[in-house]
There are 2 protein chains.
Amino acid sequence: MTAHPTIVESLRQEGYRLTPQRIMILDIINDSMSHISAEEIHRKVQEQYPFVNISTIYRTLNLLKKLRLISETDLGDGYVRYELLERERHRHHHLVCRQCGESFAFEDELLKPLQIRLLKEYGFAADVDHFAIFGLCQRCRRGEGRGGVRKEGQHGAD
Amino acid sequence: MTAHPTIVESLRQEGYRLTPQRIMILDIINDSMSHISAEEIHRKVQEQYPFVNISTIYRTLNLLKKLRLISETDLGDGYVRYELLERERHRHHHLVCRQCGESFAFEDELLKPLQIRLLKEYGFAADVDHFAIFGLCQRCRRGEGRGGVRKEGQHGAD
DNA sequence: ATTGCAAGTGCAACTATTTGCACAATGACT
DNA sequence: AGTCATTGTGCAAATAGTTGCACTTGCAAT
Ligand SMILES: [Mn+2]
Ligand SMILES: [Mn+2]
Ligand SMILES: [Zn+2]
Ligand SMILES: [Zn+2]
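Residues numbered from 1 in each chain as written. Chains lettered and ligands numbered in written order. Predicted model: local features only at pLDDT ≥ 70, side-chain atom pairs only at ≥ 80, totals over all residues. Heavy atoms only, no water.

A few points about helix α2 (residues 20–31) of chain B
Residue and element names in this part refer to chain B. In this model α2 runs 16 Å from its N-terminal to its C-terminal C-alpha over 12 residues, within 8% of the 16 Å that 1.5 Å per residue would give. Among all positions in α2, only Met 24, Ile 25, Leu 26, Asp 27, Ile 28 and Ile 29 are buried. Elements that come into contact with the buried residues of α2 comprise α1 (5–13), β1 (36–37), α3 (38–48), α4 (54–66), β2 (70–74) and β3 (80–84). (Helix = DSSP H or I, 4+ residues; strand = E, 2+ residues; numbered from the N terminus. Expected span 1.5 Å × (residues − 1). Buried < 20%, exposed > 50% of the residue type's maximum accessible area, 1.4 Å probe, protein only. Contact = heavy atoms within 4.5 Å.)

Spelled out as structure tokens, the structure:
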């Protein structure tokens, strides 16, 4: 319970209605420690209230994304994943290894120079909310291709 | 006819079979002046040979992508689009305006510093083949929001 | 508390893309 | 030219995600 009241307020302020579905979804994203998929959100919502349809989840996620309250990212596991967008503190992005599937966070600071050049040279204001950059991690480059092989898809029971 | 013989050769050299489907698909991507979708490729293939299934298109695209012969990019119009990856010359990326939908190319050179820092500081070898960075273009930032409104989806007849 | 209506929801049908499986075709070896 | 193992293909069924439409609900004005 209690999605950042800040967020709930900003929703109402923008003229959007505070439905129980929206509040539940926000709570779940807020309580989730990391990137969460629509399917996972749907399962958790249904534990509380089983009549919520998956399309409502997607519609709410798209709204929150449009308002830049959450990020939407493909981290390469076959599901689009969502995360609260902290407006002030520790903005971060991810490096995703194509071989082992591991995901490493990196600081927003590394993207600032690019952002600045795009603005200066092209007048383009890049949305730098939450990137995922694919490639090969250090371990995999060294041939220490540890067990974990890239998995795509199929939401299973946890 | 005649997809870069270089590419056809590299396919055979890697031990993949040269089926008429693969050659047709490569020809179409090669002849296409810009980013092309799976559906568009399928339509063009079917003009020549109507029995090719769309799943073959996707499977071939996934193969060519794995071999880094083509790039796969979401340019925000609701379709994943494909393009030959020139290995040597003029590698480029795109800035996509979330408001007007316009797409502007920019040189790979701008991503080099980031690429180098990721390698030095994280040991991560980023695949920098063909990025699409979303944001607001100069015109739209200035409020000159020219007509064109963001369109998502629905492949129509051209 | 009641009303009215625009915004939101559930449902079913649809879209793009993936996958399992039985059958067909490639290309290496003869 | 013919054989054969293996790879690739077509088809149908599945997947995640979207959308039109009729019904419900939040909420502002009374
Ligand atoms: Mn993250
Ligand atoms: Mn391009
Ligand atoms: Zn790795
Ligand atoms: Zn624009």
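Having seen it, we continue.
Focus on the sheet that holds strand β4 (residues 92–97) of chain B
Taken in spatial order, the 4 strands of this open sheet run β6(A)-β7(B)-β4(B)-β5(B), and their pairing is mixed. Two strands close off the open sheet at either side, each with one partner strand: β6 (125–126) of chain A together with β5 (103–107) of chain B. Here β4(B) runs beside β5(B); their pairing, made up of 5 bridges, is antiparallel. Looking across to β5(B), one finds that B:His93 is bridged to B:Phe106. Across the face of the sheet, helix α5 (residues 112–122) of chain A comes into contact with β6 of chain A together with β4, β5 and β7 (132–136) of chain B while running at roughly 115° to β5(B). (Pairing = 2+ DSSP bridges. Axes fitted to C-alpha atoms, helices over the stretch in contact; angles between N-to-C directions.)

Examining the coordination of the zinc ion (ligand 3)
Here the zinc ion (ligand 3) is held by A:Cys97 (SG), A:Cys100 (SG), A:Cys137 (SG) and A:Cys140 (SG), and the distances to it run 2.3 to 2.4 Å. Its 4 donor atoms give the zinc ion (ligand 3) angles of 106 to 113° at the centre, a pattern that matches the tetrahedral case. (Donors = N, O, S within 2.8 Å, 3.2 Å for Na, K, Ca; no water. Tetrahedral: all angles 85-135°; square planar, octahedral: opposite > 155°, others 65-115°.)

A closer look at the nonpolar core
Ranked by size, the top nonpolar core spans 30 residues in total, and within it A:Phe106, A:Leu118, A:Ile133, B:Phe106, B:Leu118 and B:Ile133 carry the most contacts. Sorting the residues of this core by element identifies β4 (92–97) and α5 of chain A together with β4 and α5 (112–122) of chain B as the ones contributing at least two each. Core analysis: the next-biggest nonpolar cluster, separate from the first, contains 21 residues, A:Ile36, A:Ile57, A:Ile70 and A:Tyr82 among them. (Core = buried A, V, L, I, M, F, W, Y, C linked by side-chain atoms within 4.5 Å.)

Things to note about the protein's contact with DNA strand D
A:Tyr58, B:Arg17, B:Thr19, B:Arg22 and B:Thr56 are the nearest of the 21 residues found near DNA strand D. Protein-adjacent atoms of DNA strand D, using a 4 Å cutoff, are sugar or phosphate at a proportion of 65%. In this structure, B:Arg59 approaches DNA strand D through a side-chain N or O atom, which is 2.8 Å from a base nitrogen. For the surface near DNA strand D, the secondary structure elements donating two or more residues are α4 (54–66) of chain A together with α2 and α4 of chain B. It is α4(A) that contributes the most residues to the surface near DNA strand D, 4 residues altogether. (Near = heavy atom within 4 Å. Polar contact = N/O pair within 3.5 Å; in protein donor to acceptor, adjacent residues only side chain to side chain.)

Looking at the pattern of salt bridges
Using the criterion set out here, one finds 22 salt bridges over all chains in the structure. For A:Arg117, the salt bridge is made with B:Glu109, and the minimal N-O distance between the two is 3.1 Å. One end of the pair, A:Arg117, is in helix α5; the other, B:Glu109, is in the loop between β5 and α5, on a second chain. Among the charged side chains, a network of salt bridges with common partners joins A:Arg68, A:Arg91, A:Asp127, A:Asp129 and B:Arg98. (Salt bridge = Lys/Arg side-chain N within 4 Å of Asp/Glu carboxyl O.)

A word on the packing of aromatic side chains
Under the criterion given, the structure shown has 4 aromatic pairs over all chains. Seen from their ring centres, A:Tyr49 and A:Phe51 are 5.6 Å apart, and the 70° between their planes marks the pair as edge-to-face. We classify A:Phe51 as exposed; its relative accessible area is 67%. Centre to centre, the rings of A:Tyr122 and B:Phe106 are 6.4 Å apart; their planes meet at 65°, and the pair counts as edge-to-face. A residue pair is termed interchain when its members come from two chains, as with A:Tyr122 in helix α5 and B:Phe106 in strand β5. Take A:Tyr122: its relative accessible area is 29%, and that puts it in the partly exposed class. (Phe/Tyr/Trp six-rings, centres within 6.5 Å; stacked < 30°, edge-to-face > 60°.)

Overview of the domain arrangement of chain A
Residue and element names in this part refer to chain A. Domain parsing of chain A yields domain 1 (1–87) and domain 2 (90–147). The C-alpha-based centres of domain 1 and domain 2 are spaced at 24 Å. Counting from both sides, the interface comprises 11 residues of domain 1 and, opposite them, 10 residues of domain 2. For the pair domain 1 and domain 2, the summed buried surface comes to about 910 Å²; carbon and sulfur atoms form 54% of the total. As a salt-bridge pair, Arg 68 and Asp 129 come within 2.7 Å of each other at their nearest N and O atoms. (Domains from an automatic or database assignment. Buried area = accessible area lost by both parts, 1.4 Å probe.)

Observations regarding unusual backbone geometry
Residue and element names in this part refer to chain A. The phi torsion at Arg 68 lies on the positive side, around 60°, for a residue other than glycine. Relative to the assigned elements, Arg 68 resides in the loop between α4 and β2 (70–74). For Arg 68, a relative accessible area of 31% corresponds to the partly exposed category.

Structural notes on the relation of the copies chain A and chain B
Rotating chain A by 180° and moving it 0.0 Å along the rotation axis overlays it on chain B with an RMSD of 0.0 Å. Expressed as an axis order, the relation between the two copies is that of a two-fold axis. Of every C-alpha in chain A, the one belonging to A:Leu114 sits nearest the axis of rotation, 3.8 Å from it. With an isologous cut-off of 70% or more, the 100% of interface residues of chain A that recur at the interface of chain B puts this contact in the isologous class. (Least-squares fit on C-alpha atoms with pLDDT ≥ 70 in both.)

Concerning the environment of B:Ser103
All names here are of chain B. Its place among the elements puts Ser 103 in strand β5. For Ser 103, a relative accessible area of 35% puts it in the partly exposed group. It is 14 Å that separates the C-alpha atoms of Ser 103 and Ile 36, two residues lying 67 residues apart in sequence. Excluding anything up to four places from it in sequence, Ser 103 contacts His 94, Leu 95 and Val 96. Of note is the side chain of Ser 103, whose polar atom sits 3.2 Å from the side chain of His 94.

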